[in-house]
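Residue-level structure breakdown
One letter stands for each residue in the lines below.
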Amino acid sequence: QVQLVESGGGLVQAGGSLRLSCTPRGSLYKIEDMAWYRQAPGKQRELVASIRRDGNTNVAASLKGRFTISRDNTWNTMYLQMNTLKPEDTAIYYCNANVQPLPWTTFQAFWGRGTQVTVSS
C-alpha cells in the first residue's frame, strides 16, 4: 500500500516562507506526475502546481513568482517552496501522485492526508 506523507506546514506571518515536502511510503515501482493541491475553508480543492518525472513543471498562474515546485527522483520526494505568503494562501495542502505500485500494475492516483498552512496577517 502506497502512502503519501506531507510535511512542512505550519503557522507563518504574511510575507514569510514555508517549504512543503511530500514523501511516498510503502512499496512502489514508479511515480510519474506529482502535484500539490490546496483547499481553503468553504472552497473547492484547487491545483497549485504539478511536476512531471522529466522535471517539466506547471504552476497556477496566480501563484507564479511566489511558489516553486520541485522533486528529487532519487527519493521520489516532491517539494513546494512558498514565498511571500499571504493570508489567502491559508489552506490544507495535499500531495497527489500518479503511482505504479508494481511493475505489472497500472498507474493509480494517490493522495496524502494534507498539511495545514496558516498565514496570519
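Residues numbered from 1 in each chain as written. Predicted model: local features only at pLDDT ≥ 70, side-chain atom pairs only at ≥ 80, totals over all residues. Heavy atoms only, no water.

1. Points about the nonpolar core
One broad trend across soluble globular proteins is that nonpolar side chains are buried collectively. Here is the rule we go by: Nonpolar cores are built from buried Ala, Val, Leu, Ile, Met, Phe, Trp, Tyr and Cys residues. Side-chain atoms within 4.5 Å join them into one set. Any residue under 20% of the maximum accessible area for its type is buried, any over 50% is exposed, and the rest in between are partly exposed; the area is computed with a 1.4 Å probe on protein chains only. Helix and strand assignments follow DSSP, with helices taken as H or I runs no shorter than four residues and strands as E runs no shorter than two, numbered in order from the N terminus. Note on contacts: a residue pair is in contact if any heavy atoms of the two residues lie within 4.5 Å.
Counting 29 residues, the largest nonpolar core has Trp36, Phe67, Leu80, Met82 and Tyr93 as its most contacted members. At the level of secondary structure, the elements contributing two or more residues to this core comprise strand 3 (18-25), strand 4 (30-39), strand 5 (46-51), strand 7 (67-72), strand 8 (77-82), strand 9 (91-100) and strand 11 (115-120). Ranked by residue count, the leading element in this core is strand 9, at 5 residues. Setting aside anything within four residues of it in sequence, one finds tyrosine 93 in contact with Glu6, Leu20, Trp36, Tyr37, Arg38, Val48, Phe67, Leu80, Met82, Gly114, Thr115 and Val117.

2. Side note on the pairing of strand 7
Our working definition: In this analysis, strands are considered paired if DSSP registers two or more bridges between them.
Only one face of strand 7 is covered, namely the face carrying Phe67, Ile69 and Arg71; the face carrying Thr68, Ser70 and Asp72 is uncovered. Here 6 bridges tie strand 7 to strand 8, and the two strands are oriented antiparallel to one another. Following the sheet pairing, isoleucine 69 is matched in strand 8 by leucine 80. Counting the residues that bridge the hairpin from strand 7 to strand 8 gives 4 residues, and of these asparagine 76 lies at a positive phi of roughly 55°.

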